[in-house]
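Fold and geometry: a report
Chain by chain, the residues run as shown.
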Amino acid sequence: MIELDAVTKVYQAGKVAVRALDTVDLTIDEGDLVAIMGPSGSGKSTMMNILGCLDVPTTGHYRLGGTDVVGMRENALADLRNRRIGFVFQSFNLIPRTSAARNVELPLVYAGVGRRERRDRAREALARVGLDGRGTSMPNELSGGQQQRVAIARALVTRPAMILADEPTGNLDTTSTREVMELLVELNDAGRTVVLITHEDEVAEFARRVVRLRDGRVVSDARQEALRR
Ligand code: ADP
Ligand code: ADP
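This section reports on the structure supplied with the text. Source: prediction; values computed, not measured. (Residues numbered from 1 in each chain as written. Chains lettered and ligands numbered in written order. Predicted model: local features only at pLDDT ≥ 70, side-chain atom pairs only at ≥ 80, totals over all residues. Heavy atoms only, no water.)

**Section: the sheet that holds strand S4 (residues 59-64)**
Read from one edge to the other, the open sheet built from four strands follows the order S2-S1-S4-S5, with strand pairing classed as antiparallel. Sheet topology places strand S2 (16-28) and strand S5 (67-68) at the edges, where each strand pairs with a single neighbour. Across nine bridges, the pairing between strand S1 (residues 2-13) and S2 is antiparallel. Of the residues in S2, the one forming a bridge with Val7 is Val24. Seen against the sheet, helix H1 (residues 44-51) touches S1, S2 and S4 and runs at an angle of roughly 120 degrees to S1. (Pairing = 2+ DSSP bridges. Helix = DSSP H or I, 4+ residues; strand = E, 2+ residues; numbered from the N terminus. Contact = heavy atoms within 4.5 Å. Axes fitted to C-alpha atoms, helices over the stretch in contact; angles between N-to-C directions.)

**Thoughts on the side chain of Ser137**
Its place among the elements puts Ser137 in the loop between helix H4 (115-128) and helix H5 (144-156). Discounting chain neighbours no more than four positions away, the residues touching Ser137 are Ser99, Ala100 and Leu142.

**A closer look at the sheet that holds strand S3 (residues 33-37)**
Taking strand neighbours across the sheet as the criterion, the six strands line up as S6-S7-S8-S3-S9-S10 in an open arrangement whose pairing is mixed. With one partner strand each, in any of the chains shown, strand S6 (85-89) and strand S10 (217-223) form the two edges of the open sheet. Taken pair by pair, the neighbouring strands of this sheet meet at an average axis angle of 15 degrees, ignoring direction. By the bridge criterion, four bridges tie S3 to strand S9 (residues 209-214) in an arrangement that is parallel.

**Some words on the site of ligand 1**
The immediate surroundings of ligand 1 are formed by Tyr11, Val18, Ala20, Pro39, Ser40, Gly41, Ser42, Gly43, Lys44, Ser45 and Thr46. Within the side chain of Ser45, a nitrogen or oxygen atom sits 2.7 Å from an oxygen atom of ligand 1. Between ligand 1 and Thr46, the relevant distance is 2.6 Å, taken from an oxygen atom to a side-chain nitrogen or oxygen of the residue. Expressed as a share of its isolated accessible area of 550 Å², the protein-covered part of ligand 1 is 62%. For the shell around ligand 1, the secondary structure elements donating two or more residues are S2 and H1. (Near = heavy atom within 4 Å. Polar contact = N/O pair within 3.5 Å; in protein donor to acceptor, adjacent residues only side chain to side chain. Areas by Shrake-Rupley, 256 points an atom, 1.4 Å probe, with all protein chains shown as cover.)

**Brief notes about the pattern of salt bridges**
As enumerated under the stated definition, the model contains 17 salt bridges in all. The closest approach of N and O atoms between Asp120 and Arg123, which form a salt bridge, is 3.7 Å. With Asp120 and Arg123 both in helix H4 and three residues apart, the pair spans about one turn of that helix. With relative accessibility at 36%, the residue Asp120 sits in the partly exposed group. Here the salt bridges share partners, and the residues they tie into one network are Glu3, Asp5 and Arg63. (Salt bridge = Lys/Arg side-chain N within 4 Å of Asp/Glu carboxyl O. Buried < 20%, exposed > 50% of the residue type's maximum accessible area, 1.4 Å probe, protein only.)

Right, here's the structure in full:
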């Protein structure tokens, strides 16, 4: 379970304090598919950074699987991030001139997993995202949608508690957007928790729950019949 408890994040910009998140309470159940939406400046990136353990709240608590991240040291936070969260970014963030399989293996290199197991798990993750046999392809030989699927395989390979996707379809055309969202839905149907940050209604329609932010506060939080399933 993922739990934000009265989370406030204040940025000090010179003499001005910006309250990017303001006493946000939010609980995300295991196995949910949640879209976090809101206009520019509403606090989405800040929320992503906190959910992803890239930053900590100024006040309040963030619990990830029972562990409160507030007060954790940077290396413990990094460890939690690597073990529990699979990141997917708008710009894919694949390493160029490095094969798809090698990109997918990378988190396992950091986790100290042996070479043979890395290879097997990378192959398995690529198959899971529909890229069986494309392990030797370089990122620039793949379409945008395929590159994002490699990035999703990389996010999955550590078997994280949550996939955290920041505008995952922001660089994709309509067809690839649909493919990537259908893949995230499929992973979610298999039990994976997925949190996505988006400003596109067409993307949020795939979610089971939509949380809207405005000026750092949750202004609506609704379950929906997944419109696009
Ligand atoms: P969004 O992702 O929805 O556009 P952000 O989380 O980036 O929103 O920003 C929320 C508010 O916090 C905005 O007013 C933004 O300018 C401010 N903000 C974000 N990061 C910083 C920072 N590092 N320093 C100062 N202000 C920031
Ligand atoms: P997005 O396009 O995802 O909304 P933003 O442009 O809001 O992203 O922010 C990009 C990065 O810049 C984030 O890491 C955010 O924390 C930081 N940032 C946003 N606003 C400010 C600000 N006013 N001052 C300093 N950093 C900021």
